[in-house]
Amino acid sequence: MPKVSFWGVQGSCPGSYFEENLGSNTSCISIELEDTLIILDAGTGIRTLCNTIDVNQFKQVALLLTHSHWDHIQGFPFFSYIYQNKPLIIFSHLHEHINGLLNQINGVNFPLSRETLSCNVNIITDINQLNNKLNIDITTIQTNHQGNCIGYRVKSKDCDVCYIPDNQLHNTSTTSFNEFVSFCQNSKILIHDSQYTTHDMPLKIDWGHSIYTDALKLAMEASVRQFVLFHHEPTRTKKDILTMADHCKSITKEVKIIAASELKNIDLLGN
């Protein structure tokens, strides 16, 4: 069954101060499409992924990076699939992000060295080559976030998902709000950075993340079918985040709205 699964939904750092939370792992989602598994980011949630589903059942496994900030790569050494003699595609638009991912396994920051990896890594930095390899239509957009970050739109006959986990929609510096509207137009699912509230400002005004109501505005103007609040602030309670989602629901009935939570699945055929 084609589906999107959430393995890590928190931003910035893993761990939770709260007994009740929507998940305490950092960014990682997966998209299952027939015999292909697409993994978006390798935050600490990737460990839950490989402990929950059988990655070996897929003929193609591709890890797509948005950027190499720690919260998006720090789970990679715990991704058990890389210690098997299996093929793995790793894509980033920049070699430096892939180096940041792989060089964690160096015997200093992690007990093992990169030479211990058993998997056959195929590094790709050209999006056209990636699409030809996977036979899927994947496009990218530069986001307003430090570290040369991108977002993705993944399209196939069963899928149309936008994944933009780190992006500032106010005070845009790299890509305009209207460009994001065009990029996300009519997508079935928009998973977008919703880390901040207006109360977090002005302290965090240029920290590279969105006020959740700005992300909702993007979902509405792009006429997406479902908006998923993502990259949750680690100092926010589950109740706080669900209140943010409820506020979004009170603004529009045209867009289905949820807050991302770990182990949640979205059936792509039902969207």
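Everything discussed here concerns the structure shown above.
The present account deals with the structure reproduced in this document. Note that the coordinates shown come from a computational prediction; the quantities given were computed from them, not determined experimentally.

1. Let's talk about the overall build of the chain
Link 1 in the chain: Across its full length, the chain holds seven helices and 13 strands.
Link 2 in the chain: Against the globule reference of 18 Å for 271 residues, the chain gives a C-alpha radius of gyration of 17 Å, in line with a compact fold.
Link 3 in the chain: With the principal axes as the frame, the chain shows a C-alpha extent of 50 × 40 × 35 Å.
Link 4 in the chain: Once local pairs closer than 6 in sequence are excluded, the contacts in the chain between residues at least 24 apart make up 70%.
Link 5 in the chain: Accessible area for the chain stands at about 11500 Å²; split by element, carbon and sulfur atoms hold 47% of it.
Link 6 in the chain: Between the averaged position of the 20 positive side-chain charges in the chain and that of its 27 negative side-chain charges there is a distance of 6 Å.

2. Digging into the pattern of salt bridges
Link 1 in the chain: This model, assessed by the stated rule, comprises six salt bridges.
Link 2 in the chain: For lysine 249, the salt bridge identified is with aspartate 246, shortest N-O distance 3.9 Å. You can see lysine 249 and its partner aspartate 246 sitting in helix α7 (residues 238-251), three residues apart, about one turn around the helix.
Link 3 in the chain: In this structure lysine 249 comes out as partly exposed when scored by relative accessible area, which is 36%.
Link 4 in the chain: Each of the salt bridges in this network shares a partner with another, and the network as a whole consists of Glu34, Lys157 and Asp158.

3. With respect to the pairing of strand β8 (residues 150-156)
Side chains on a regular strand alternate between the two faces of the sheet.
Link 1 in the chain: When you tally the buried positions in β8, you get five out of seven residues, the bulk of the element.
Link 2 in the chain: Relative to β8, strand β7 (residues 137-142) runs antiparallel, the two sharing six bridges. If you follow threonine 140 over to β8, its bridge partner there is tyrosine 152.
Link 3 in the chain: The pairing of β8 with strand β9 (residues 159-164) spans five bridges and is antiparallel. Note on β9: the bridge partner recorded for arginine 153 is cysteine 162.
Link 4 in the chain: In this structure, the hairpin formed by β8 and β9 is closed by a connection of two residues.

4. Let's talk about the layout of surface pockets
Link 1 in the chain: Considered as a void within the structure, the largest pocket measures approximately 180 Å³ in volume.
Link 2 in the chain: Lining the largest pocket, in full, are Leu33, Glu34, Asp35, Thr36, Gln60, Leu134, Asn135, Ile136, Ser156, Lys157 and Asp158.
Link 3 in the chain: Of the residues belonging to the lining of the largest pocket, the class tally is three nonpolar, four polar and four charged.

5. Some thoughts on the side chain of glutamine 195
Link 1 in the chain: Within the secondary structure, glutamine 195 is located in the loop between β10 (189-193) and α6 (212-221).
Link 2 in the chain: Judged by relative accessible area, which is 1%, glutamine 195 ranks as buried.
Link 3 in the chain: Separated by 3.3 Å, the side chains of glutamine 195 and serine 12 make a polar contact.
Link 4 in the chain: Looking at glutamine 195, its side chain comes within polar contact range of the side chain of glutamate 233, at 2.9 Å.

6. Topic: empty space enclosed by the protein
Link 1 in the chain: According to the stated counting rule, one finds one cavity of 30 Å³ or more in the structure shown.
Link 2 in the chain: What the largest cavity holds in volume is close to 60 Å³.
Link 3 in the chain: Lining of the largest cavity is provided by Gln10, Ser16, Phe18, Asn21, Leu22, Gly23, His232, Glu233, Pro234, Arg236 and Ile241.
Link 4 in the chain: Among the residues making up the lining of the largest cavity, the classes are represented as four nonpolar, five polar and two charged.

Parameters at a glance
- Residues numbered from 1 in each chain as written.
- Predicted model: local features only at pLDDT ≥ 70, side-chain atom pairs only at ≥ 80, totals over all residues.
- Heavy atoms only, no water.
- Helix = DSSP H or I, 4+ residues; strand = E, 2+ residues; numbered from the N terminus.
- Rg over C-alpha atoms; globule rule 2.2 N^0.38 Å.
- Contact = heavy atoms within 4.5 Å.
- Areas by Shrake-Rupley, 256 points an atom, 1.4 Å probe, with all protein chains shown as cover.
- Lys, Arg positive; Asp, Glu negative; His and termini not counted.
- Charge placed at Lys NZ, Arg CZ, Asp CG, Glu CD.
- Salt bridge = Lys/Arg side-chain N within 4 Å of Asp/Glu carboxyl O.
- Buried < 20%, exposed > 50% of the residue type's maximum accessible area, 1.4 Å probe, protein only.
- Pairing = 2+ DSSP bridges.
- 1 Å grid on protein atoms, 1.4 Å probe; cavity = no way out; pocket = protein on both sides within 12 Å on 5 of 7 lines; lining within 4 Å.
- Points joined across faces, edges and corners; volume = space filled by probe spheres on them.
- Nonpolar A, V, L, I, M, F, W, Y, C, P; charged D, E, K, R; others polar.
- Polar contact = N/O pair within 3.5 Å; in protein donor to acceptor, adjacent residues only side chain to side chain.

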